[in-house]
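Working through the structure, step by step
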Amino acid sequence: MAKKQIDIVAKEMGLDENIKKYLKRVERSLIVSIPIIMDNGKLEVFEGYRVHHSTVRGPGKGGIRYSKDVFLDEVKALAMWMTWKNSLLKLPLGGAKGGVCVDPTKLSRNELERLTRRYTAEIINMIGPDIDIPAPDINTNPQIMAWIMDVYSMQKGKSVPGVVTGKPIEIGGSVGRETATGMGLYFILEALCMKLNLNLKYLSVVIQGFGNVGGNIAQILYEKGVKIVAVSDISGGLYDAGGLNIKELIDWRDQNHLLEEFDKKENEFVNNEEILEIECDILIPAAIENQITESNVDNINCQIIIEGANGPTTPEADEILKDRGIIVVPDILANAGGVCVSYFEYIQDIHSYFWKLDRINLELKNVLLEAFEEVYTLSKEKKVTLRIAAYMIAISRLSKAIELRGIFP
Ligand code: GLU
């Protein structure tokens with residue numbers, strides 16, 4: 001998918017063949033074994049990855065996901081998408097990603113800690129404040145970032161908070177980081193509605209995913225009085241044409257419950273495929289990649305799609321959505337709030353000077369709206385989709401950097 005996207009954009013912008021070839025490959029990838037002694041005394045060995053797609057514009061940057069389905073090619077694609085995202089936002093960072101092939105819900109807290117510490121030790125030469133800075137992604141959180149920071153710091157003999165972002169605030173994390181992706185998505189959505197002359201208050205929203213991205217955007221929209229008709233987590237979701245009580249569902253989630261276990265007196269249960277086909281104005285896929293594909297795209301029933309997840313729409317589906325006149329705000333713009341505040345966290349750590357929440361949100365808004373304007377204007381000018389415009393901007397910024405630096409030796 002990621003390579004196909006480069007081909008499509010390369011053709012559109014007449015990208016130099018050499019640069020295209022260069023961009024399709026990741027700089028380096030590492031596969032590691034992570035042996036840990038489980039609580040029952042038995043040894044288990046997990047597989048982990050860290051990939052740098054590009055460090056041309058700065059150190060690598062991107063999350064680490066824990067999932068039983070993670071595989072190397074997926075991590076490579078995710079690292080590539082981070083390169084585009086950081087370039088689009090003009091952050092002085094490259095693109096990287098990591099993953100461990102594990103179902104973390106099956107691990108105790110101690111096992112999770114041992115796994116994280118050993119994974120960090122295995123990738124330690126690939127990370128660092130001026131090499132590559134990991135962050136949370138699917139199934140990883142501030143506590144896991146704290147363990148990573150600790151392992152790295154113990155190795156260096158000093159505290160190095162700038163080695164990861166998305167840390168707890170007490171050890172150099174940033175205010176506003178946990179809600180940043182949802183917040184950013186909201187700023188973009190608001191800006192888009194302004195362009196299209198739509199009032200968010202009269203629109204209905206469906207959200208697939210109820211984790212850091214889906215949960216936060218649901219909460220923000222709910223507090224603004226926007227009607228959310230369906231949300232889902234890994235177990236499936238709830239639908240109510242009159243609007244769901246998101247606060248209740250967030251409380252339920254925070255007590256470690258799944259949505260399928262929620263008392264569905266007034267709400268209808270929907271699975272994760274059905275939720276995408278519910279009639280609404282705005283659909284926010286905020287779970288995993290490959291959700292809107294050739295096989296269900298004809299049943300998508302909305303005006304606008306905002307990609308909270310990375311890679312939720314396949315290039316084939318994208319083409320059909322364009323023909324159907326459905327506006328898609330691409331992942332590298334829509335969910336870029338997370339890495340943007342990660343960048344703020346990183347510079348706060350390096351300067352040892354911490355900002356207030358107002359400043360974080362103001363600077364986040366400035367960065368994202370500047371990127372949004374640039375993308376929107378180019379898409380109108382070139383008569384291309386927002387995704388193609390976003391990619392054109394990100395890739396031309398990066399190819400300029402490659403040209404200036406030249407190819408070593
Ligand atoms: N995992 C997030 C993403 O996909 C955040 C990455 C980061 O903050 O470095 O954008």
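Below is a short write-up of the structure.

Criteria and cut-off values
Residues numbered from 1 in each chain as written. Predicted model: local features only at pLDDT ≥ 70, side-chain atom pairs only at ≥ 80, totals over all residues. Heavy atoms only, no water. Near = heavy atom within 4 Å. Polar contact = N/O pair within 3.5 Å; in protein donor to acceptor, adjacent residues only side chain to side chain. Areas by Shrake-Rupley, 256 points an atom, 1.4 Å probe, with all protein chains shown as cover. Helix = DSSP H or I, 4+ residues; strand = E, 2+ residues; numbered from the N terminus. Nonpolar A, V, L, I, M, F, W, Y, C, P; charged D, E, K, R; others polar. Phe/Tyr/Trp six-rings, centres within 6.5 Å; stacked < 30°, edge-to-face > 60°. Buried < 20%, exposed > 50% of the residue type's maximum accessible area, 1.4 Å probe, protein only. Pairing = 2+ DSSP bridges. Axes fitted to C-alpha atoms, helices over the stretch in contact; angles between N-to-C directions. Contact = heavy atoms within 4.5 Å. Salt bridge = Lys/Arg side-chain N within 4 Å of Asp/Glu carboxyl O.

1. Quick look at the site of the ligand
With respect to spatial proximity, 14 residues lie near the ligand, and among them Lys-61, Lys-85, Pro-136, Asp-137 and Ser-342 are the closest. For the ligand, an oxygen atom lies 3.1 Å from a polar atom in the side chain of Lys-97. Arg-177 is positioned such that a nitrogen or oxygen atom in its side chain is 3.1 Å from an oxygen atom of the ligand. Its free accessible area being 290 Å², the ligand has 94% of it covered by the protein chains. Among the elements of the structure, strand E3 (60-67), helix H3 (72-88), strand E5 (132-136) and helix H11 (337-351) are those that each provide at least two residues to the shell around the ligand. Taken together, the residues of the shell around the ligand break down into four nonpolar, five polar and five charged.

2. What to know about the packing of aromatic side chains
Counted under the stated rule, the structure contains six aromatic pairs. Seen from their ring centres, Tyr-186 and Phe-187 are 6.5 Å apart, and the 55° between their planes marks the pair as tilted. Note on Tyr-186: relative accessible area 8%, which makes it buried. Ring geometry for Phe-344 against Trp-355: centres 5.1 Å apart, planes inclined by 40°, an arrangement best described as tilted. Of this pair, Phe-344 sits in helix H11 while Trp-355 sits in the loop between H11 and helix H12 (357-382); the two residues are eleven residues apart in sequence, bridging distant segments of the chain. For the pair Phe-344 and Trp-355, one class covers both residues: buried. Among the aromatic residues, those joined into a cluster by ring pairs are Tyr-343, Phe-344 and Trp-355.

3. Here we look at the sheet that holds strand E7 (residues 227-233)
Sheets are built from strands that pair by backbone hydrogen bonding, the pairs being arranged parallel or antiparallel. Taking strand neighbours across the sheet as the criterion, the seven strands line up as E9-E8-E7-E6-E10-E11-E12 in an open arrangement whose pairing is mixed. Bordering the open sheet on either side are strand E9 (268-270) and strand E12 (327-329), each of which pairs with just one other strand. Each strand axis lies, on average, 20° off the axis of its neighbour in the sheet, ignoring direction. Strand direction decides the pairing type here: E7 and strand E8 (residues 236-239), joined by four bridges, are antiparallel. Residue pairing across strands places Ser-232 opposite Gly-237, the latter belonging to E8. Sitting on the sheet, helix H6 (residues 180-196) is in contact with strand E10 (282-285), strand E11 (304-306) and E12, with an inclination near 155° to E11. Against the sheet, helix H7 (residues 212-223) engages strand E6 (204-208), E7 and E10, with an angle of about 160° to E6.

4. Details of the pattern of salt bridges
Under the counting rule described, the total for this entry stands at 28 salt bridges. With a closest N to O distance of 2.9 Å, Glu-363 and Arg-359 form a salt bridge. On the criterion of helical spacing, the pair formed by Glu-363 and Arg-359 is a turn pair, its members being four residues apart in helix H12. Here Arg-359 falls in the partly exposed class, since its relative accessible area comes to 36%. Residue Glu-374 is joined to Arg-397 by a salt bridge in which the shortest nitrogen-to-oxygen separation is 3.0 Å.

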